[in-house]
Amino acid sequence: MHNEPLSRRSVMAGGAGIALAAPLPALAATERLSAAALLTTGTLPAEMARVLSGATLIHGSGDAPVTGIMVATVPSLAVLRQAVASGCNLILSAEAPLYSRPLPADANPMAKAGAERLFAEPVFKQKAAFIADHKLVIYRLPTRSEEPGPAAYLPLFTNHLARAMGLSQTADGWVFDTASVTLGTLVQRAQSAVGAHGGLRMIGDPAMPVRKVCVVPATTDLAATLTHLRQADVLVAGDLREWELVPYIADSRAAGHPKGLVALGRILSEQPGTRALAAALKVAHPGLTVNFAPHTDPFWRI
Amino acid sequence: MTPQQVVDAIYARAAAEGVGPAPRPSYRDTFKIGNPDTAITGIATTGMSTFDMLKRAVAEKRNFIITHEDTWYSDNDSVEALSADPIYLAKKAFIDEHGLVIWRNHDLAHRMHPDPLFAGQMDLLGWKADKPASPAASRWPVVTLPEPMTLEALARYVTQRTGTHSHRITGMRAMMVHKVAIGVGYAFPDFTLDDDVDVIVGGESAEGADSHLPTYDATAFAQDSTLLGRPRGIILLGHMGTEDIGMKLLAEWIAGFIKDVSIRYIPATEPFSPPGPQQG
């Protein structure tokens, strides 16, 4: 993993097809916005604004003046160190630094005891101390809507994953079109779009023709995904449970209605969205350092 | 003999072997489809009653399926959202046509001593568990390797033993592994149960930080731990790469007291296609 300062070229690529409004004038150090204010300032495409307005503060103070922004999918210790080294105190990430959701106030005693044990564990302890010592402000970006009803994935993540694979939008926000390709070609396209290696798994005949692709980044909600998957030939997903849609798709061939699966892993499936967000923030806040920390596939195979 | 009689005999035998009553009725361990009073022509046990597995069972004239995992794509096997689904309808039609009866044995199997799912996986891996460090850790087999080896060598050994093709590995290839914790299916051990565990060899685990503590993203944790100078790694063998084989032990156990009908293990096998050459 390396720190990737955004070039103008990557900004253009990341924001392809999005009309960006004129950026705000650069702010002097004394006029630095607070983290909380920054999330709602600057003109951004609606899909980006929606994600920022739904971001949850999980570490630090939202009142802290922002010195620079680090956007990442996973706020790993490597990413946090890069943020500090490049003068960024605001971290915007799709995942959380302590590998979980914060303990709810009404957690049962067993969960509380388990959490206490983990907070005393050296890796948890050192990471929490690093965040506190450097007064980092970390917001978690939502990947799906919190509104009631079937979980809807936020278009920032769905659309950018689909675009990175060369798919085109349909009226159904989950199902995308492709010029007729084989499943094997789609797998290769997905692989190069997100940089997947050992983490990629697939189901289906590589020669199977594909026209409709259901794109579900992050985790895969069973009921909602099933509804949309019926309209598609293939599911491109991040993380899946192996007793839900995995056997459903594996059964599809024996059922005479073959469907394909391309499982990318959660992190890589979220990354086109976080990358695009970083590019748009760079444009919206030209006076600020905005860095993006790309992740390589966490998995390898032999 | 009927499926209901076999299930009754299974519960009676488990109780006789000291398996206490369930804390609550299991929604998992129920008949999923078919008539429990059908005459059995043969029994098949399996990690998962997939469509392909059912076809292989029918080819062997086995009409009673004992599955560890679900049949209808969710833990509670609800078919409510599937009533017009063509894949569900085709699988159901096949089951009806061949008069199959499916019963899930998940919770009971995991309450047995030893748990056949863990025991089957340990046999497959060729390892014996260390003496548990604490009563809390006794659920999770921990193995001190006879000789330390690199994660890459361990991955080679493990995948040769299990024959999996859809495994995924995280961690430094060259890290030295002394101690391994074993998981099966979605039962995934926690690194902090034993600070000396270098690598988890498990089935599947949720990626990302959506779990509530004390469950956490083991992959992200292992990467940070490695950066801090304490290398840790994970080998994910998949759900069926870890819980299929235990149902072979269950078939052998049932054959010990059900003598009237033939019983055999039919693996579900991994759902994923073999990887392409590019997946390095």
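Residues numbered from 1 in each chain as written. Chains lettered and ligands numbered in written order. Predicted model: local features only at pLDDT ≥ 70, side-chain atom pairs only at ≥ 80, totals over all residues. Heavy atoms only, no water.

### Thoughts on the interface of chain B and chain A
Listed as interface residues are 67 residues of chain B and, on the opposing side, 65 residues of chain A. With both sides pooled, the region where chain B packs onto chain A buries about 6,000 Å², and carbon together with sulfur makes up 60% of that total. Among the residues of chain B in contact with chain A, B:Glu207, B:Leu213 and B:Phe272 are the three that bury the most area, contributing 13% of the side total. Connecting chain B to chain A are nine salt bridges. Broken down by secondary-structure element, the contributors of at least two residues to the side of chain B that touches chain A are helix H2 (51-59), helix H3 (86-97), helix H6 (151-162), strand S6 (168-170) and helix H7 (218-227) of chain B. Tallying contributions element by element places H7(B) first for the side of chain B that touches chain A, with seven residues. (Contact = heavy atoms within 4.5 Å. Buried area = accessible area lost by both parts, 1.4 Å probe. Salt bridge = Lys/Arg side-chain N within 4 Å of Asp/Glu carboxyl O. Helix = DSSP H or I, 4+ residues; strand = E, 2+ residues; numbered from the N terminus.)

### Some remarks on the nonpolar core
Counting 39 residues, the largest nonpolar core has A:Cys214, A:Leu235, A:Leu240, A:Tyr248, A:Leu261 and B:Leu54 as its most contacted members. At five residues, the largest contribution of residues to this core is made by H2(B). In contact with A:Leu235, other than residues within four places in its own chain, are A:Cys214, A:Val216, A:Thr220, A:Thr225, A:Leu229, A:Leu240, A:Leu245, A:Ile249, A:Gly260, A:Leu261 and A:Val262. (Core = buried A, V, L, I, M, F, W, Y, C linked by side-chain atoms within 4.5 Å. Buried < 20%, exposed > 50% of the residue type's maximum accessible area, 1.4 Å probe, protein only.)

### Section: the side chain of B:Glu243
Residues and elements named next belong to chain B. Checked against the element boundaries, Glu243 lands in helix H8 (residues 240-243). Arg104 provides the closest opposite charge to the buried, unpaired Glu243, separated from it by 7.2 Å. There is a polar contact of 3.4 Å between the side chain of Glu243 and the side chain of His68. Engagement of the side chain of Glu243 in a polar contact is seen with the side chain of His110, the distance being 3.2 Å. Not counting residues within four places of it along the chain, the set of residues in contact with Glu243 comprises Gly47, His68, Glu69, His110, Leu117, Val184 and Gly185. (Lys, Arg positive; Asp, Glu negative; His and termini not counted. Polar contact = N/O pair within 3.5 Å; in protein donor to acceptor, adjacent residues only side chain to side chain.)

### Thoughts on the sheet that holds S6(B)
All names here are of chain B. As summarised here, the arrangement of the five strands in space is S5-S7-S8-S9-S6, forming an open sheet in which the pairing is mixed. At either end of the open sheet lies a strand with only one pairing partner, and these are strand S5 (142-150) and S6. Within this sheet the neighbouring strands show an average axis-to-axis angle of 20°, counted without direction. Direction of pairing for S5 relative to strand S7 (residues 176-182): antiparallel, over a ladder of five bridges. Each bridged residue has a counterpart across the sheet, and for Thr150 the counterpart in S7 is Met176. Most of the contacts of H6 go to S5, to which it runs at about 120°, and overall it touches S5, S6, S7, strand S8 (199-202) and strand S9 (233-236). (Pairing = 2+ DSSP bridges. Axes fitted to C-alpha atoms, helices over the stretch in contact; angles between N-to-C directions.)

### What about helix H4 (residues 77-85) of chain A?
Every buried residue of H4(A) is accounted for by A:Leu77, A:Val79, A:Leu80, A:Gln82 and A:Ala83. Where H4(A) is buried, its residues meet strand S3 (68-72), strand S4 (90-93), helix H6 (122-133), strand S5 (137-140) and strand S11 (289-293) of chain A together with H7 of chain B. Positive backbone phi, at 75°, marks A:Gly87, one or two positions downstream of H4(A).

### Considering the sheet that holds strand S10 (residues 260-263) of chain A
Residues and elements named next belong to chain A. Strand order in the open sheet formed by five strands is S6-S8-S9-S10-S7, with mixed pairing between adjacent strands. The open sheet has two free edges, formed respectively by strand S6 (175-182) and strand S7 (201-203), since each of these has just one partner strand. Direction aside, the axes of adjacent strands within the sheet are offset by 25° on average. With five bridges connecting them, strand S8 (residues 209-219) and strand S9 (residues 234-239) associate as parallel partners. Paired with Val216 across the strands is Ala237, a residue of S9. Across the sheet, helix H7 (residues 155-164) is in contact with S6 and S8; its angle to S8 comes to roughly 140°. Each of S6, S7, S8, S9 and S10 touches helix H8 (residues 183-194); the most contacted strand, S6, lies at about 120° to it.

### Considering the environment of A:Ala46
Residues and elements named next belong to chain A. Positionally, Ala46 belongs in helix H3 (residues 46-53). Taking the relative accessible area as the measure of exposure, Ala46 reaches 64% and is therefore exposed. Here the alpha-carbon distance between Ala46 and Pro155, two residues 109 residues apart in the chain, equals 9.4 Å.

### A closer look at the layout of surface pockets
Residue and element names in this part refer to chain B. A volume near 860 Å³ is recorded for the largest pocket. Lining the largest pocket are 35 residues, with Arg28, His106, Arg139, Tyr186 and Ala187 positioned closest to its centre. If you tally residues by element for the lining of the largest pocket, the top one is helix H4 (residues 107-111), at three residues. For the lining of the largest pocket, a count of residues per class yields 17 nonpolar, eight polar and 10 charged. If you add up the space inside the second largest pocket, you get close to 590 Å³. (1 Å grid on protein atoms, 1.4 Å probe; cavity = no way out; pocket = protein on both sides within 12 Å on 5 of 7 lines; lining within 4 Å. Points joined across faces, edges and corners; volume = space filled by probe spheres on them. Nonpolar A, V, L, I, M, F, W, Y, C, P; charged D, E, K, R; others polar.)

### Structural notes on the pattern of salt bridges
Residue and element names in this part refer to chain B. A complete count under the given rule lists 32 salt bridges over all chains for this structure. The partner of Arg28 in a salt bridge is Asp75, and the shortest N-O contact between them spans 2.9 Å. On the criterion of sequence distance, the pair formed by Arg28 in the loop between helix H1 (3-16) and strand S1 (31-33) and Asp75 in the loop between strand S3 (64-67) and H3 is long-range, its members being 47 residues apart. The partner of Glu207 in a salt bridge is Arg168, with the nearest N and O atoms 3.0 Å apart. Within this pair, whereas Glu207 is found in the loop between S8 and H7, its partner Arg168 is found in strand S6, the two being separated by 39 residues in sequence. For the pair formed by Glu207 and Arg168, the shared burial category is buried.

### So, H7(B)
H7(B) sits mainly inside the fold: eight of its 10 residues count as buried. The set of residues buried in H7(B) consists of B:Ala218, B:Thr219, B:Ala220, B:Phe221, B:Ala222, B:Asp224, B:Ser225 and B:Thr226. Residues of H7(B) that are buried in the fold lie against H4 and H6 of chain A together with S6 and S9 of chain B. A distance of 3.1 Å separates the backbone nitrogen of B:Thr219 from a side-chain oxygen at the start of H7(B), and that oxygen is part of B:Asp217. Backbone geometry just downstream of H7(B) places B:Gly229 in the positive-phi region, at approximately 95°.

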